[in-house]
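# Structural features, examined
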Amino acid sequence: MSIGNNYNGKIFLIIYAYMMSALLWATPQDLVPLTFDKDWSYYSDGEVDAYKIKREYDEKKLTIFALQQAKKGIINGDLELAKFFLTKVSERRSSLGLIKRRYQSIIMFIEGKYTESLNLISSERYNNKNNYRQVCLLRILNLVALDKIDQLIEEVGSCQNLTLEYSTSNQFWLTQLTRIKSKNEDLLKGNLIENLRNALGSIEFTEIWMKMALFLNKEEIIIKYVATFPPAVYRSKKVRELIGFAYYRLGQKEKALEFIEDIESPNTDNIRGNINLLEGKYELAFGHFKLALKKKENSQNALQRAIPIAYTLGLWDDGLKMIKRIVGNDLNERRKITLETLFLIRRNDLKTAQENLLYLEDLYNNNFPREINLMNSYVALRNGENERLEKASGEACVNYDGLNCWLNLQVIHWENIGLTINRDEDTLVLDNFDIESLKQVKTKDPLKESVFVDQRDIEELDREQITIDPRKN
C-alpha cells in the first residue's frame, strides 16, 4: 500500500467512526444524511480531529446556553419557558444530562409533583459524592412533602455530612424541618424556638430562626424579641421583610408597613396588597398583586387574591392571563377550566367558552354540576344551539331553576330562541308603558260580556221534548 493510500485510509476511518458515533447517539429527527462540501483527503489527521472537537464544542455551547435559559426561567417563575429550553438538551448526546434532570426535578417540585420530582433524581448516577451533593436537599424536600419519615431521616444524615461546609447556620433549617416531620413536641409548641433566641447574632441565622417561627405560626415570639436584635441585623432587607410579615400576621398593619416601606419584593407587594384588600381598596390591592406577579410569575399568594379581584373589577383579560399561571399537583383541573370559562363568558368570548364546556363535559362524564349547567345553558342560548339549550335548560329546570324552566318552554314555541334574541330588529315598545303604573292600586271594573244567545231561549229549548224517529237517519 502506498503512503498516499494509507493516509486516505486513515482519513476515511476517522470520518466513518465519527459518523457511526453520531448515529449511535442521535434521535430519529437527528438522523439526516451528513454532507461534506470539502475533499477530506487534503486534510491531515490533526485538522479532522480539530473539526470534530469544534463541532462538539459548538453543540455543547448551545446545550449550556439552553440550560442557562432554563435556570433563568425557573428563578423567574416562568416554568413553561424553562421546560421549552430543557427540550433542547439531549441527555444521550450531552454530559450535561444530569443537570437537565435536576432542573426538571425542581420544576416538578414547584408544580407539586413530588413523586415525579423524586424519581428524576433517584437514579444511581446521582449517588456519587459530587452529584449527590447537588440533589440531596431536593430529595429531602420531596420526602418531607411525601411524608416518608424513615427514608427522610436516613437522607438527612447523608446530606448533612456533604453540605455542612456550605451552611452558614450549621444546617439549622434542615435539622428543625426533620424534627417537625418527626413531630417533636418542644419545637411544635414553640419552646425550642424561644430557647434558640440566645443564639441570635448573625444575619443568616436570624433569618432562618424567624422563618422557622413563622412556619410554626409563632410570630408573637419574633415580636417579643425583635428589640433584642443586634443593630446590624436591621440592615438586612430580608430580616425587615420577615418582621413586617410577623406584624401583618398579628394584625398590626401600620407597623408592618413601616418595616417594609423601602423594600420591593414579591412578598412585600403581597403584604401591601393584603392590607389594601382588608381595607376594601380593591384597585390598589390589585396593583400590588400585579407587581408581585411581575417579579415572581407563579406567586400563589398573589394569584389566589388577584383573580377574584379581577372578577370583581371586571378585568376579564387580566383574570384569564392569571388563571393560566396557576400550577400545582393539587390543582383541580375541572375547577380551573370552569373558572376560565366564567371569565370567557363575561368577556363575551362565547366560542372559546363553548370549547371549554365541551371539554368539561368529558371531564364530568356528561354530568355537570348545577353551576356549570347554568353556564352551559347560557352559552348554548347565545350561540343559537337549540338542541344543546333544550337539554341544558331541561336539566337546570329539574334542579329548580325557574329561568331555565321558562327557557325550556321557549324552545318549544320558537324555532330558535337563541337566534331570535340576537336579531337586530326593534323589539315591541309600548309608548304608554310605565313601571310605576303597575305599582298603583287599580279600580276593579267588571267585564261586560256581549250576549249572543239569550239564556231564556236556551232554557226553553231544554224543556222541549224532541221525538227522534229511528227510521230517519
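Our structure is the block above this text.
Below is a summary of the structure that appears in this document. Numbers given for residues are sequential positions, taken from 1 along each chain in its written order. Local features are withheld for residues below a pLDDT of 70 in this predicted model, meaning they are given only at 70 or higher, and side-chain atom pairs are given and counted only at 80 or more; totals for whole chains, interfaces and linings count all residues. Just so you know, side-chain values use all the structure's heavy atoms and leave hydrogens and water out.

Where helices and strands are cited, they refer to DSSP runs of H or I of at least four residues and of E of at least two residues respectively, numbered from the N terminus. What the protein chain contains, in helices and strands, is 25 helices and 0 strands. Between buried and exposed lies partly exposed: a residue is buried under 20% and exposed over 50% of the maximum accessible area for its type, with that area taken using a 1.4 Å probe on protein chains only. Across the 473 residues in the protein chain, those meeting the buried criterion constitute 36%. In the protein chain, the share of contacts with a sequence separation of at least 24, taken over all contacts with a separation of at least 6, comes to 53%. Of the roughly 30,800 Å² of accessible surface on the protein chain, a fraction of 53% belongs to carbon and sulfur atoms. The contact criterion used is simple: two residues touch if any of their non-hydrogen atoms lie within 4.5 Å. Each accessible area is a Shrake-Rupley estimate made with a 1.4 Å probe; only the visible protein chains count as cover when residues are assessed.

Below, the discussion takes up the packing of aromatic side chains. Between rings of Phe, Tyr and Trp, where Trp is taken as its six-membered ring, a pair exists when centres lie within 6.5 Å; planes separated by under 30 degrees are stacked, by over 60 edge-to-face, and by other angles tilted. All told, the structure shown has 11 aromatic pairs when counted by the stated rule. Between Phe65 and Phe85 the ring centres are 6.2 Å apart and the planes differ by 85°, which places this aromatic pair in the edge-to-face class. A residue pair is termed long-range when its members are at least 10 positions apart, and Phe65 in helix α2 (residues 45-75) and Phe85 in helix α3 (residues 79-86) qualify at 20 residues. Overall, Phe65 belongs to the partly exposed group, its relative accessible area being 43%. Their ring planes at 20° and their centres at 5.6 Å tell us that Tyr247 and Phe259 sit as a pair that is stacked.

The next subject is a nonpolar patch on the surface. Taken together, the side chains of Leu428, Leu430, Phe433, Ile435 and Leu438 make up a nonpolar region of the molecular surface, amounting to roughly 590 Å² of accessible area. Within the secondary structure, Leu428 is located in the loop between α24 (417-421) and α25 (455-463). For patch detection, residues must exceed 30% relative accessible area and be free of salt bridges, and they are connected within 9 Å for like charges or within 5 Å for nonpolar side chains (Val, Leu, Ile, Met, Phe, Trp, Tyr). Salt bridges are identified by distance alone: a Lys or Arg side-chain nitrogen within 4 Å of an Asp or Glu carboxyl oxygen.

Further remarks concern helix α15 (residues 266-278). Under the convention used throughout, the expected extent of a helix is 1.5 Å for every residue step, that is, one less than its residue count. The terminal C-alpha atoms of α15 lie 18 Å apart, and with 13 residues this matches the ideal 18 Å at 1.5 Å per residue to within 8%. Here α15 has its buried residues at Thr268, Asp269, Asn270, Ile271, Arg272, Gly273, Asn274, Ile275 and Asn276. The secondary structure elements touched by the buried residues of α15 are α13 (237-249), α14 (253-259), α16 (282-295) and α17 (300-313). Just past α15, the residue Gly280 takes up positive phi, approximately 75°.

A few words now on the packing of helix α18 (residues 316-323) against helix α19 (residues 333-346). It is at 9 Å that the axes of α18 and α19 come closest, and there the two elements cross at 160°. Overall, the two elements α18 and α19 adopt an arrangement that is roughly antiparallel. Read as a crossing pair, α18 and α19 show a hand that is left-handed. Here Trp316, Gly319, Leu320 and Ile323 of α18 come into contact with α19, specifically with Lys336, Leu339, Glu340, Phe343, Leu344 and Arg346. Every angle, taken between N-to-C directions, lies between 0 and 180 degrees, and every axis is a line fitted to C-alpha atoms, over only the stretch in contact when it is a helix. Roughly parallel means an angle under 35 degrees; roughly antiparallel, over 145; roughly perpendicular, 65 to 115; everything else is oblique. Two helices crossing with the near one rotated counterclockwise from the far one by less than a right angle form a left-handed crossing, whereas a clockwise rotation gives a right-handed crossing.

Time to look at the packing of α13 against α15. At a minimum axis distance of 10 Å, the contact between α13 and α15 shows a crossing angle of 20°. Considering their axes alone, α13 and α15 lie roughly parallel with respect to each other. Like other packed secondary-structure pairs, α13 and α15 cross with a definite hand, here left-handed. Within the contact between the two elements, α13 uses Glu241, Gly244, Phe245 and Tyr248 and α15 uses Asn267, Thr268, Ile271, Asn274, Ile275 and Leu278.

For soluble globular proteins, nonpolar side chains are generally found buried alongside one another. Here, the term nonpolar core denotes a set of buried Ala, Val, Leu, Ile, Met, Phe, Trp, Tyr and Cys residues that are joined through side-chain atoms within 4.5 Å. Counting residues in each nonpolar core, the largest one holds 29 residues, and the members touching the most others are Met322, Phe343, Leu360 and Ile372. Within the residue set of this core, elements represented by two or more residues are α16, α17, α18, α19, α20 (350-363) and α21 (370-382). If one sorts the elements of this core by residue count, α17 sits on top with 6 residues. With residues near it in sequence (within four places) discarded, Phe343 still touches Ile307, Ala310, Tyr311, Leu315, Trp316, Gly319, Leu320 and Ile323. In terms of nonpolar packing, the next biggest core, distinct from the first, is built from 28 residues, Met210, Leu216, Ile222 and Val239 among them.

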